[in-house]
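An overview of the molecular structure
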Amino acid sequence: MSTFVKNAWYIAAWSSEVGRQLLTRTILGEQVVLYRREDGTPAALVDRCPHKLAPLSLGELKGDHVQCGYHGMTFDCSGVCVRVPGQQNIPPTARVRSFPLIEKYNAVWIWMGDPALADGGAIVEVPHYGDADWGLVDGQYLYFRSNYLNITDNLVDPAHTSYVHKKTIGNAAGEDVGVKVEQGDSHVLAYRWIHNAPPVPLVERMADFKGVVDRWQYYYLHLPSTSYVDFGSIDMGIEPTEANKDRGFRSFSFNFLTPETESTTHYFWLHLRNYHPHDAQVSEDVVRLMTLTFDEDAVLLAYVQREQERTGVREYTRLGIDNAPARIRKMVERLQAKETLSLPVHVLRVASDETQSSTS
Ligand code: FES
Ligand SMILES: [Fe+2]
C-alpha cells in the first residue's frame, strides 16, 4: 500500500537544476520531466509520451514545447498535443498530465495531487530567509535509500543524536534527557533542553563558547515531510527561554523530503545560522558537517529499510521516544484516508477492480 500524500507541495528540484534542458526525476512514483519556458518560468509534465510511452525527457525542447524523441509528437507546457507529424488530426487521447509549480526559496515546488487544491500558501515559512544577518547555505541534496516515513521518524527524534551524530550535533550529555512532544493541526514538535552540557562538536567549531552551555533541540515536522530543526546553545547564566535563544548560537536546519519511490527519497536541505553569517569558511564547514551528519542517518536508514523489506516488520518494540514519530505516521494515514475519500468515483472503482483481480 502506498505511503504517499499527494495533496502537498514537494521540492522537485533546486532552481539551478531546471533550465533549457529536459530534466527527469521520479516523484511520488511518477516520472516527471521539468524544464523552463523561454520566459524563464518552470514547467513539469509526466515524462511519458501517450503514443508508445517513450520518456519525453529523451526528446527535445522546441521553444516552449517538448517534442518526443521517438516519432515527434509535440506537447505544450500544459500537456496538450500541438503536433502529430504526418497527420492533420490530433487524437483526443494525445495529451499528458502537467503539474502546478511554484518557485520559492530557490527551489521549484511541485503539486502531485488534485490541482484544484494546490494552495501556494501551504509551503512552510522559512524564518530569516533573505535576512542579511543570517548565514544561508542552500541548494543541498542527498539521496536516501529509505521510505520517507523512516526519515520523518528520525527527524522528530532528538534522542538519536547522542549515538549517531557524536562527531557533529550530539554528545553523551543528552543520553538521559527526556523528550517532550507537542502537536498542532499539521505539525508535531519534539523538543528538549540539555542543561549544563559541553557544546556539541559543530557548535564548538562555529561559536566561541568557553565552557559548558545550555543547549536546545526543537524538531518540528510539518506534514507530510518538511522537517525544521531549531538548534543551538546559550551561555550558562542566561535564562533558557524561547526569547533568549537568539542571544546564543542558533541555527535552523530545513530538510525537505520528496519521496521518489516507496523505498527511496530525495533529501533537499538548507541551513540558516546567526553566527559569522558572511564567512565563506563557516558556510563550507556547515556543508561538510551537515552532510556528514545526514550521511550518518542515510547509512543507518538504508539498513533499516532493507531489514523492514526482508522481514515485513517495521518495529518490534515501542519506546517512549517513539511518541512523536507515531503521531506523524497517524496524521499521515489520516491525510491519505482523506485523499482516498475525495477521489472521483470512477478512480475508486478502477482501484477496487484492480484489488479484486489481484486477489482472485
Ligand atoms: S512514442 Fe512519442 S511520438 Fe511515438
Ligand atoms: Fe540524524
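Residues numbered from 1 in each chain as written. Chains lettered and ligands numbered in written order. Predicted model: local features only at pLDDT ≥ 70, side-chain atom pairs only at ≥ 80, totals over all residues. Heavy atoms only, no water.

1. Some details on the overall build of the chain
Note the threshold: The way it works is that DSSP assigns letters per residue, a run of H or I at least four long becomes a helix, a run of E at least two long becomes a strand, and they are numbered from the N terminus. Throughout, the radius of gyration refers to the C-alpha atoms, and the reference size of a globule is 2.2 Å times the residue count to the power 0.38. Only protein chains enter the accessibility calculation, which uses a 1.4 Å probe; a residue whose area is less than 20% of its type maximum is buried, one above 50% is exposed, and one in between is partly exposed. Contacts were defined at the residue level, with two residues in contact if any of their heavy atoms lie within 4.5 Å. Charge convention: Lys and Arg are scored as positive, Asp and Glu as negative, and His as well as the terminal groups of each chain are ignored. A charge is said to be at NZ when it belongs to Lys, at CZ for Arg, at CG for Asp and at CD for Glu.
From N to C terminus, the chain includes six helices and 17 strands. Expected size for 360 residues packed as a compact globule is a radius of gyration near 21 Å; at 23 Å, the chain falls within 12% of this value. Relative to its 360 residues, the chain shows a buried fraction of 49%. When contacts within the chain are restricted to residue pairs at least 6 apart in sequence, those whose partners lie at least 24 apart make up 59%. Of the charged side chains in the chain, 35 are positive and 45 negative; the average position of the first set lies 4 Å away from that of the second.

2. Notes on the nonpolar core
Using the following cut-off: Among the buried residues, those of types Ala, Val, Leu, Ile, Met, Phe, Trp, Tyr and Cys that are joined through side-chain atoms within 4.5 Å form a nonpolar core. The split into domains, and so the bounds of each, comes from an automatic or database assignment of domains.
With 57 residues, the main nonpolar core has Ile-110, Phe-144, Leu-202, Val-203, Phe-249, Tyr-267 and Trp-269 as its most contacted residues. Per-element tally for this core: the top contributor is helix α4 (residues 280–311), with seven residues. Each of two domains, domain 1 (9–120) and domain 2 (127–334), supplies a minimum of three residues to this core. Grouped together as the second largest cluster of nonpolar side chains are 26 residues, Trp-14, Trp-109, Trp-193 and Phe-254 included.

3. A word on empty space enclosed by the protein
Where we set the bar: Space inside and on the surface of the protein is sampled on a 1 Å grid over the protein atoms alone, with a cavity defined as a set of points where a 1.4 Å probe fits but cannot get out and a pocket as an open set with protein on both sides within 12 Å along at least 5 of 7 lines; lining residues have an atom within 4 Å of a point. Grid points are joined across faces, edges and corners, and a volume is the space filled by probe spheres set on the points. Residues are grouped as follows: nonpolar covers Ala, Val, Leu, Ile, Met, Phe, Trp, Tyr, Cys and Pro; charged covers Asp, Glu, Lys and Arg; every other residue, Gly included, is treated as polar.
If you walk through the whole model with that rule in mind, you get three cavities of 30 Å³ or more. Estimates place the volume of the largest cavity at around 150 Å³. Among the elements of the structure, α1 (148–155), β15 (226–235), β16 (249–261) and α4 are those that each provide at least two residues to the lining of the largest cavity. A breakdown of the residues in the lining of the largest cavity according to their chemical character gives eight nonpolar, eight polar and one charged. As a volume, the second largest cavity reaches approximately 40 Å³. Together, Trp-9, Tyr-10, Ile-11, Trp-109, Pro-224, Ser-225, Thr-226, Phe-256 and Leu-257 line the second largest cavity. Secondary structure elements with two or more residues in the lining of the second largest cavity: β1 (9–14) and β16.

4. A look at the packing of α1 against helix α5 (residues 323–341)
How we decide: Only the contacting stretch of a helix is used when fitting its axis, a line to C-alpha atoms as for every element, and angles between N-to-C directions run 0 to 180 degrees. Should an angle fall under 35 degrees it is called roughly parallel, over 145 degrees roughly antiparallel, and 65 to 115 degrees roughly perpendicular, with every other angle called oblique. Two helices crossing with the near one rotated counterclockwise from the far one by less than a right angle form a left-handed crossing, whereas a clockwise rotation gives a right-handed crossing.
For the pair α1 and α5, the least separation of the axes is 8 Å and the interaxial angle reads 140°. By the angle class used here, α1 and α5 are oblique. Crossing of α1 over α5 shows right-handed handedness. Counting all contacts with α1, which are made through Tyr-148, Leu-149, Asn-150, Thr-152 and Asp-153, the residues of α5 involved are Pro-325, Ile-328, Arg-329 and Val-332.

5. Some remarks on the sheet that holds strand β4 (residues 42–46)
Cut-off, in case you're wondering: For two strands to be treated as a pair, DSSP must find at least two bridges joining them.
Read across the open sheet, the three strands follow the order β2-β3-β4; overall the sheet is antiparallel. In this open sheet, the two edge strands, each paired with only one partner strand, are β2 (23–27) and β4. Adjacent strand axes in the sheet meet at a mean angle of 30° when their direction is disregarded. Across five bridges, strand β3 (residues 30–36) lies against β4 in antiparallel orientation. Residue pairing for β4: Arg-36 is matched across the bridge by Pro-42.

6. Describing the domain arrangement of the chain
Selection criterion: Buried area is understood as the total, over both parts, of accessible area removed when two parts are fitted together, assessed with a 1.4 Å probe. The term salt bridge refers to a pairing of a side-chain nitrogen on Lys or Arg with a carboxyl oxygen on Asp or Glu at a separation within 4 Å. Here a polar contact means two N or O atoms within 3.5 Å. Within protein one must be a hydrogen donor candidate and the other an acceptor candidate, and residues neighboring in sequence count only if both atoms are side-chain atoms.
What the domain assignment lists for the chain is domain 1 (9–120) and domain 2 (127–334). Between domain 1 and domain 2, the C-alpha centre-to-centre distance is 34 Å. Across the boundary between the two partners, domain 1 contributes 14 residues, which contact 16 residues of domain 2. Interface of domain 1 and domain 2: buried area, both sides summed, is about 1200 Å²; carbon and sulfur atoms make up 68% of it. On the surface where domain 1 and domain 2 come into contact, there are zero salt bridges. Between domain 1 and domain 2 we count six residue pairs in polar contact (both at pLDDT 80 or more) in total. The set of elements that each furnish at least two residues to the side of domain 1 that touches domain 2 consists of β1 and β2. The dominant element in the side of domain 1 that touches domain 2, judged by the number of residues it contributes, is β1, at five residues. Classifying every residue of the side of domain 1 that touches domain 2 by side-chain character gives nine nonpolar, three polar and two charged.

7. Regarding the coordination of the iron ion (ligand 2)
The cut-off we apply is this: Ligating atoms shown are N, O and S within 2.8 Å of the metal, or 3.2 Å for Na, K and Ca, and water is not included, meaning a site may look less than complete. By the criteria applied here, four donors are tetrahedral when all angles lie between 85 and 135 degrees, four are square planar and six octahedral when opposite donors are over 155 degrees apart and every other angle lies between 65 and 115, and any other arrangement is irregular.
All of the protein donors around the iron ion (ligand 2) are His-160 (NE2), His-165 (NE2), Asp-297 (OD) and Asp-297 (OD); their distances to the metal are 2.1 to 2.3 Å. Taken together, the four donor atoms surrounding the iron ion (ligand 2) define angles of 57 to 147° at the centre, an arrangement classified as irregular. Written as a sequence motif, the donor residues of the iron ion (ligand 2) are H-x4-H-x131-D. With His-160 in the loop between α1 and α2 (161–164) and Asp-297 in helix α4, this residue pair connects regions lying 137 residues apart in the sequence. With respect to burial, His-160 and Asp-297 carry one shared label: buried.

8. Regarding the packing of α1 against α4
Any two packed helices are characterised by how steeply their axes cross, that is the angle between the axes, and by the distance between the axes. Taken N-terminus to C-terminus, the directions of α1 and α4 make an angle of 130°; their axes are 10 Å apart at the nearest point. Regarding the angle of α1 to α4, the classification is oblique. Considering the relative orientation of α1 and α4, their crossing is right-handed. Contacts from Asn-150, Ile-151 and Asn-154 in α1 reach Asp-297, Leu-301, Val-304, Gln-305 and Gln-308 in α4.

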